Amino acid sequence: MDNNVIYLSDASYDASMNEAGIGIKNLTTGVSSALFINAASVNEAEEFALLEAINHAWVNHHRNCVFVYDNIGIDTQSIGAFFKGMFDHIQFLWMKRDYLSSVDALASSVRQQYSKNTSPVKQILKRASIISDAELVCTLMPLTRGETYGFLCAISGAAPMMKPYSMDIKEVNEKIIALLMNAGSSQLNGHLKERFGNVQAYKHRLYDELLQSAEFHVGWFEEAAYECRNTMHAA
């Protein structure tokens, strides 16, 4: 019998739109994937995630598998009975959500990327709570110019390539600083206020207008994380 292959699976569900992202990860190989789907309930979305992990195992010829999930309402007994003949051994392990943070992040990211209900500024405000100030600054600073860009380079330790946006958008530097003040930590707020003073907040639709004109997407967070890692390694 082959060695155990362990899979994690989780879903991120938006009940208002019946939309979900599902994420799976093979802990043995390190391979992960995520899908955007429609689901009638959170339980259905979580079950789809588990079934996707099982399908991934089957397609990749893993026949001795442990599938880890966090929704205790899933009928794993019936699922196990259905798939039993396709595997040498199939097991299910329920664990608390805290242990599935990696696939939860995958599921959330793909749902936000394709959802019709999530604006760019909402994505930023949600992601800001789980990334460092340096990554948050590095995500948004490519839209700034001049001295504002230079100051953000100094406090983040990074210098990502600037990104274009519509020339019709005004007060871009001010909007980015205001958004960083809204989304960042109290420490980041202190640095920004010391340099820029009390910048007025803008309505979310104005931030969205700017971000959409620059074709913002969740990949900006990944680019920022990569930029920050390279900066730390260089240091």
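Just above, that's the structure.
What counts, and at which threshold
- Chains are numbered independently. Their residues run from 1 in the order of the written sequence.
- Selection of residues for local features in this predicted model requires a pLDDT of at least 70, selection of side-chain atom pairs for listing and counting requires 80 or more, and totals for whole chains, interfaces and linings are taken over all residues.
- Each side-chain value is worked out from all heavy atoms of the structure, with water and hydrogens disregarded.
- Helix numbering and strand numbering both begin at the N terminus, where a helix is a DSSP run of H or I of at least 4 residues and a strand a DSSP run of E of at least 2.
- Throughout this description, buried means an accessible area under 20% of the type-specific maximum (1.4 Å probe, protein chains only), exposed means over 50%, and partly exposed covers the range between.
- Here, residues are in contact when the closest pair of their heavy atoms is within 4.5 Å.
- Note on areas: these come from Shrake-Rupley sampling with a 1.4 Å probe, and a residue is covered only by the protein chains present in the view.
- When charges are tallied, Lys and Arg are placed among the positive residues and Asp and Glu among the negative ones, while His and the ends of the chain are skipped.
- Charge placement uses NZ in Lys and CZ in Arg. For Asp and Glu, CG and CD serve respectively.
- Pairs of strands are assigned from DSSP output, requiring at least two bridges between the strands.
- Lines fitted to the C-alpha atoms define the axes, with helices restricted to the stretch that makes contact. Angles between their N-to-C directions range from 0 to 180 degrees.
- Crossing handedness: left-handed means the near helix sits turned counterclockwise from the far one by under a right angle, and right-handed means the same turn made clockwise.
- Under the scheme applied, nonpolar residues are Ala, Val, Leu, Ile, Met, Phe, Trp, Tyr, Cys and Pro; charged residues are Asp, Glu, Lys and Arg; polar residues are all the others, including Gly.
- Residues belong to one nonpolar core when they are buried, are Ala, Val, Leu, Ile, Met, Phe, Trp, Tyr or Cys, and are joined through side-chain atoms within 4.5 Å.
- Working definition: rings of Phe, Tyr and Trp (its six-membered ring) pair if their centres are within 6.5 Å, and the pair is stacked with planes under 30 degrees apart, edge-to-face with planes over 60 apart, and tilted otherwise.
- The criterion is that NZ of a Lys, or CZ of an Arg, lies within 6 Å of the ring centre and within 35 degrees of the ring normal, and then a charge sits over that ring.

**Student:** Please provide a residue-by-residue account of the overall build of the protein, values included.
**Tutor:** Each helix and strand counted, the protein has ten helices and five strands in total. In terms of its C-alpha atoms, the protein occupies a principal-axis envelope of roughly 65 × 40 × 30 Å. Burial status across the protein gives 46% buried among its 235 residues. Put simply, 65% of the contacts in the protein that link residues at least 6 apart link residues at least 24 apart. When the accessible surface of the protein is split by element, carbon and sulfur atoms take 51% of a total near 12500 Å². Distance from the positive charge centre (19 side chains) to the negative charge centre (26 side chains) of the protein: 4 Å.

**Student:** Report on the sheet that holds strand β3 (residues 32-38), specifying residues and quantitative values.
**Tutor:** Picture the strands of a sheet paired through backbone hydrogen bonds; they go either parallel or antiparallel. Pairing in this open sheet of five strands is mixed, and the strands run β3-β2-β1-β4-β5 from one edge to the other. The open sheet has two edge strands, β3 and β5 (89-94), and neither has a second partner. Each neighbouring strand pair of the sheet contributes to a mean axis angle of 20°, computed without reference to strand direction. The pairing of strand β1 (residues 5-14) with strand β4 (residues 64-69) spans four bridges and is parallel. Bridge assignment links Val5 to a residue of β4, and that residue is Cys65. In this fold helix α1 (residues 42-59) packs onto β1, β2 (19-26), β3, β4 and β5, with an angle of close to 150° to the strand it touches most, β1. Each of β1, β2 and β3 touches helix α3 (residues 101-114); the most contacted strand, β2, lies at about 145° to it.

**Student:** Help me get a handle on the packing of helix α6 (residues 146-156) against helix α8 (residues 186-196), residues and values and all.
**Tutor:** Axis separation between α6 and α8 bottoms out at 12 Å; the angle between their running directions is 145°. Crossing handedness for the pair α6 and α8: right-handed. Together, Glu147, Thr148, Phe151, Leu152 and Ile155 of α6 and Leu188, His191, Leu192, Arg195 and Phe196 of α8 make up the contact between the two elements. A breakdown of the residues in the contact of α6 with α8 according to their chemical character gives six nonpolar, two polar and two charged.

**Student:** Help me get a handle on the environment of Ser186, residues and values and all.
**Tutor:** Along the chain, Ser186 turns up in helix α8. Note: C-alpha distance between Ser186 and Glu209 (23 residues apart in sequence) is 26 Å.

**Student:** Describe α6, with residues and values.
**Tutor:** Looking at α6, one finds that the buried residues are Thr148, Tyr149, Phe151, Leu152, Cys153 and Ser156. Buried residues along α6 sit in contact with α5 (133-140), α7 (172-183) and α8. Gly157 sits one or two positions beyond α6 and adopts a positive phi of about 75°.

**Student:** Residue-level account of the nonpolar core, with values.
**Tutor:** Among the nonpolar cores identified, the biggest contains 34 residues, and Ile124, Leu136, Leu140, Leu143, Leu152, Leu180 and Leu192 are the most heavily contacted of them. Going through the elements one at a time, α4 (120-128), α5, α6, α7, α8, α9 (204-213) and α10 (219-234) are the ones with two or more residues in this core. Here the element with the most residues in this core is α7; it accounts for eight residues. The contact partners of Leu192, leaving out residues within four places of it in the chain, are Phe151, Leu152, Ile155, Ile177, Leu180, Met181 and Gly197. If you look at the next biggest cluster of nonpolar residues, it comprises 15 residues, including Leu50, Ile54, Phe67 and Phe83.

**Student:** So what's going on with the environment of Leu211? Which residues, and what values?
**Tutor:** Within the fold, Leu211 resides in helix α9. Take Leu211: its relative accessible area is 1%, and that puts it in the buried class. Sequence spacing of Leu211 and Glu222 is eleven residues, and the spatial spacing of their C-alpha atoms is 16 Å. Not counting residues up to four positions away in its chain, the partners in contact with Leu211 are Pro120, Val121, Ile124, Leu140, Leu143, Leu179 and Phe216.

**Student:** So what about the packing of aromatic side chains? Which residues, and what values?
**Tutor:** A full pass over the atoms with the stated rule returns ten aromatic pairs. Between Phe82 and Phe83, the ring centres sit 5.0 Å apart and the planes meet at 80°, which makes this aromatic pair edge-to-face. Taken together, Tyr7, Trp58, Phe67, Phe87 and Phe92 form an aromatic cluster joined through their ring pairs. Taking the ring centre of Trp220 as reference, the NZ or CZ of Lys163 above it sits at 4.6 Å. The ring of Phe151 carries the charged tip of Arg195 above its face, separated from the ring centre by 5.9 Å.

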